[in-house]
Every structure is written in C-alpha cells, then in structure tokens.
Amino acid sequence: MTRIEIPRPDDWHLHLRDGAVMRAVLPDTSRHFGRALVMPNLDPPVVTGKDAAHYRDRILAALPDGADFTPLMTLYLTEETDPDDVVAAHADGVIAAVKLYPAGATTNSARGVRDINNVGHTLEAMAKSGVPLCIHGEVADAHTDIFDREKVFIDRILRPLKDRLPELRVTLEHVTTAEGVAFVEDAPGPIAGTITAHHLMLTRNDLLAGGIRPHYYCLPILKRERDRRALLAVATDASSRFFLGTDSAPHLDGGKLAPCGCAGCYTAPVALPYLAQLFETCGKLDALAAFVSTKGAAHYGLPVNPTNVTLMRDQPVTFAASLATEDGPITIFDPGFTTDWAVE
C-alpha cells in the first residue's frame, strides 16, 4: 500500500504553550490535526472559564491563514476551583474538559491537587453535569519510585475515585504501563486512555542505555518493553477505550539540555508519519484511522472530522531536526528509525 486516506485526525492531549513558542508550534499541529485538546498548564495556569476563553482567542489569532483547526480548551483543576464556573464553562462550550495535575507531578503543576478530597465537590458537580476529567495519573511523593508512580496513582487515587463516581467521564492521559492498560480496560463507567507516539516507540533503555538522551526525557517517564508492547497491543486493536493524545510538549533546547532539564517530547510535526510506519510494521495499518481519528471523537461525544488527510508511502522521509522560534530552537522528536510515510 502506497497511499492511505483517513479522516482528519485529532490530538487529545497537546501543549501549545503561549507567546512566541505557541506561534511557532501551532502550524505543525494545525497542518495535520483537525482538533486538539489544549492543556492548561501555562504560567499562570488556565483556571477559570474566562481564562480559557482568552487563551482560545490567542490561539485562534495565531493560526495560519486558512487553517482547518479547532482548539478544544481545558481548565486546570485546583483546590480553589469553583464548581459552578466549571459547569457553566462546559455548558457554554468554552471548555471541553478539566485537567487534574497532582501537585508537583510535571511541568507547571505546582498549583495542582494535593489532596483529592479537597476537590470532591467539583468532581461531583462534573459527574452530574457530564464534564470530562482528564488526569495526569501519577503520584508525586518523594518516596515512590518514578517508574511506579502511575501504578501507585491508580491504586491509591483513581480506582477509589472511579468506584465512588462511576459516572464521571475520565480520560487517563498518556497511559504508560501494562497496569494502566488493564485498569482502563476494566474500570466501570465512561473511561478512556490516551497513548502518546513516543511511549509506543521507545522504552527507558532508549532514554538511558549508553548515555542519557535528554530529548527522550518525558513525564510520565518511558517504561519497560513489556509496557510498550501492552500499549501497542491496545492501540492497534478494536478496543474503543484507547486513542491518540500526543502530549507533544515543546521546550526550548536551553531548557531541555540544562542540568535539571525539562520533561517533554516535541512530536507534533512527525507523529502521524512515524505512527503510520509503526502500525505498518505491526501489520496493523488498517487500525491507524480508528486510533488517530475516530475513537477519541466518540469518547468526547463529537462527530468525526468531515475532511480527510492523505498519507503517502514512497521512500525514507527526512524531517527537520529542529524548529526555530523567536526565543530559540526546539528539537523535533526523532525515534531513531526512519519512516517512508509523509502527510500529503
């Protein structure tokens, strides 16, 4: 097969940042994706419906002329979040979801949730009103091994939450472990998991063996080969509960290469071609459209995008190594293998 046409994909977990970085990275996403769920962890974060509306306006103003792209906004859940504001923002179409960051778990998460009991009223209001909750599913305490933080979060926080509020529509974002896969497959009520391109392609050996590769450092951190295989199995099968959320997270090279470097992989410009290569290698190219284009829309109650994109297979494709911004360069993700696929 040398040409495939699929419904225009969506990205159900995306970081656009703001200012000069946003203006530089936005064309890469809007070129390939019809919609994206935009993360709210700016500094300061997007915590109210008014904040979300203003951020959306800045994104729309920065879009390239003629871009066919809709940003779907999220609110950053804090222990001071007003449940009425959340429900109203969702009812008015200002936001598509609310994001739960455990305090200290990842970039700009200092204002996140320290005790799940302190956001109980907001979560109850969301469950009652059908507002989706997206979760960075890791504990952030210093005593839990970084490779176990997803499993501990599921056992300690998410499983009891889903038992108490089974009707709450949950997305466990960037699932990285076999245990996370099993939980999403078996949990009651509406639940789904997003999977990133880089967690489908890499393991912790790629990050650490033979030397540290800072551009592979992300949170949740890359896991074992058995975890990667569990992710790949559900990404390419008929399960309706797993779909693409790239977690494309641009950081300037100065931040990535610092002694205490930033977590995140900038995958937006290359995710689709590399995913096509991966799915083809697995003999599952016919499953690509469901993973990137249809399952996520169904989970969020939206129609599939009415337009298509075409991927062409010809010869190994060469991508730019970095993206220039007014503030400095951002290295573009390279998984260490080639792809013959390109978006037409």
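Residues numbered from 1 in each chain as written. Predicted model: local features only at pLDDT ≥ 70, side-chain atom pairs only at ≥ 80, totals over all residues. Heavy atoms only, no water.

Quick word on the packing of aromatic side chains
To describe a pair of aromatic rings, one takes the distance between the centres and the angle between the planes. Short version of the rule: What counts as a ring pair is set by centres within 6.5 Å for rings of Phe, Tyr and Trp (its six-membered ring), and what kind of pair is set by the plane angle: stacked under 30 degrees, edge-to-face over 60, tilted for all other angles. Every helix listed is a DSSP run of H or I at least four residues long, and every strand listed is a run of E at least two residues long, numbered separately from the N terminus. For every residue, the accessible area (1.4 Å probe, protein chains only) is compared with the maximum for its type, and the residue is labelled buried under 20%, exposed over 50%, or partly exposed between those bounds.
For the structure on display, the rule yields seven aromatic pairs. Ring geometry for F243 versus Y300: centroids 6.5 Å apart, planes at 70 degrees, classification edge-to-face. Within this pair, whereas F243 is found in strand β9 (residues 242–244), its partner Y300 is found in the loop between α12 (288–299) and β10 (308–313), the two being separated by 57 residues in sequence. Taken as a pair, F243 and Y300 share a single burial class, namely buried. Ring centres of Y274 and F337 lie 5.4 Å apart, and the angle between their planes is 85 degrees; on these two criteria the pair is classed as edge-to-face. Placement of Y274 in helix α11 (residues 271–281) and of F337 in the loop between β12 (328–331) and β13 (341–343) is noted, with a sequence separation of 63 residues between them. With relative accessibility at 5%, the residue Y274 sits in the buried group. Aromatic rings pair up to connect W12, F243 and Y300 into one cluster.

Thoughts on the environment of V94
Basically, it comes down to this: We call two residues in contact whenever any of their non-hydrogen atoms come within 4.5 Å of each other.
With respect to the helices, strands and loops of the structure, V94 is situated in the loop between α3 (83–91) and β5 (97–100). Counting along the chain gives 21 residues from V94 to M73, while the straight-line C-alpha distance between them is 6.8 Å. The contact partners of V94, leaving out residues within four places of it in the chain, are G49, A52, A53, R56, M73 and A89.

A short note on the packing of helix α5 (residues 149–164) against helix α6 (residues 178–186)
The condition is simple: To get an axis, fit a line to the C-alpha atoms, keeping to the stretch in contact for a helix; angles then go from 0 to 180 degrees between the N-to-C directions. Under this scheme an angle from 65 to 115 degrees is roughly perpendicular, one under 35 degrees roughly parallel, and one over 145 degrees roughly antiparallel; angles in between are oblique. Two helices cross in a left-handed way if the nearer one is turned anticlockwise from the farther one by less than a right angle. They cross in a right-handed way if the turn is clockwise.
Running from N to C, α5 and α6 cross one another at 15 degrees; their axes reach a closest spacing of 10 Å. Comparing the axis directions of α5 and α6 gives the class roughly parallel. The two elements α5 and α6 cross, and the hand of that crossing is right-handed. Residues E150, K151, I154, L158, R159 and K162 of α5 form the contact with α6, whose own contacting residues are E179, G180 and F183.

What about the pattern of salt bridges?
Rules: We count a salt bridge whenever a side-chain nitrogen from Lys or Arg sits within 4 Å of a carboxyl oxygen from Asp or Glu.
Taken as a whole, this structure holds 17 salt bridges when the rule is applied. A salt bridge links E5 to R3; the shortest N-O distance between them is 3.6 Å. Judged by its relative accessible area of 44%, R3 is partly exposed. Between K99 and E173 there is a salt bridge; the shortest N-O distance is 2.7 Å. Of this pair, K99 sits in strand β5 while E173 is found in the loop between β7 (170–172) and α6, placing the two residues 74 residues apart along the sequence. For K99, a relative accessible area of 1% gives the class buried. Taken together, the shared-partner salt bridges connect K151, D155 and R159 into one network.

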